[in-house]
Amino acid sequence: MPDIILIVEDELSLQETLAYSLKKEGYTVETVGDGRSALEAARRLKPDLIVLDIMLPEMDGFEVARILRKEMSAAILMLTARDDEIDRVVGLEVGADDYLTKPFSMRELLARVKAQLRRARLLREELGKTATSTPAHETLTFDNLVINLTRHEALLNGAPLQV
């Protein structure tokens, strides 16, 4: 089954170019153009990767990433014209796994997409080998340690672990 990628980009020509290139690589792709639609589509699709622009109508990409990171473990690749260090830091702190600034080469984007999907696949495989997994809840159990991947929380002896 092909990986599912959600593209969140309000610039239609770039959205179409990204979708075309990713579909050509064999991925299942869906596109949306604003932050609120991104939340709805991500919740419905449960994508493997989200390519997320920062400057979006309705709700910016930082807020979208912050909300989705609490709900799911999909890889998030921030894609933006903003290349200030503070923007990259904030993007990574709110939950992005990678950050690419415009303009970019399609070859680099495709390489980053493949790398993120490979990491996610390896992590799933490794967790499957070392833990008991309940897919409906995305919960992993290691003796008295319980990790909820959906909620991004861990309980040790029933008490939440503090970061």
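As a reminder, the structure under discussion sits directly above these lines.
Rules and cut-offs
- Residues numbered from 1 in each chain as written.
- Predicted model: local features only at pLDDT ≥ 70, side-chain atom pairs only at ≥ 80, totals over all residues.
- Heavy atoms only, no water.
- Pairing = 2+ DSSP bridges.
- Helix = DSSP H or I, 4+ residues; strand = E, 2+ residues; numbered from the N terminus.
- Axes fitted to C-alpha atoms, helices over the stretch in contact; angles between N-to-C directions.
- Buried < 20%, exposed > 50% of the residue type's maximum accessible area, 1.4 Å probe, protein only.
- Salt bridge = Lys/Arg side-chain N within 4 Å of Asp/Glu carboxyl O.
- 1 Å grid on protein atoms, 1.4 Å probe; cavity = no way out; pocket = protein on both sides within 12 Å on 5 of 7 lines; lining within 4 Å.
- Points joined across faces, edges and corners; volume = space filled by probe spheres on them.
- Nonpolar A, V, L, I, M, F, W, Y, C, P; charged D, E, K, R; others polar.

With that out of the way, let us pick up the sheet that holds strand E5 (residues 98–101). Taken together, 5 strands build an open sheet; the order of strands is E2-E1-E3-E4-E5 and the sheet is parallel. Strands at the two margins of the open sheet, each flanked by one partner only, are strand E2 (28–32) and E5. Within the sheet, the average angular offset between the axes of one strand and its neighbour, ignoring direction, is 20°. Summarising the sheet, strand E3 (residues 49–53) and strand E4 (residues 75–80) pair through 5 bridges and their orientation is parallel. Paired with Leu49 across the strands is Ala75, a residue of E4.

The element E4 is extensively covered by neighbouring structure, given that 6 of its 6 residues are classed as buried. Residues of E4 alternate between two faces, with Ala75, Leu77 and Leu79 on one and Ile76, Met78 and Thr80 on the opposite face, all of them buried.

Applying the stated criterion across every chain yields a total of 12 salt bridges. The closest approach of N and O atoms between Glu25 and Lys114, which form a salt bridge, is 3.4 Å. Placement of the pair is Glu25 in the loop between helix H1 (12–24) and E2 and Lys114 in helix H5 (residues 106–130), with a sequence separation of 89 residues. For Asp87, the salt bridge goes to Arg82, with nearest N and O atoms at 3.0 Å. Asp87 gets classed as buried once you look at its relative accessible area, which sits at 7%.

Moving on, we get to the layout of surface pockets. Approximately 810 Å³ is the volume found for the largest pocket. Lining the largest pocket are 28 residues, with Ser73, Ala74, Arg124, Glu138 and Leu149 sitting closest to its centre. For the lining of the largest pocket, the elements supplying multiple residues, two or more each, are helix H3 (61–71), H5, strand E7 (139–142) and strand E8 (145–148). Looking at the lining of the largest pocket element by element, the count peaks at 6 residues for H5. Within the lining of the largest pocket, the residues separate by chemical class into 11 nonpolar, 7 polar and 10 charged.

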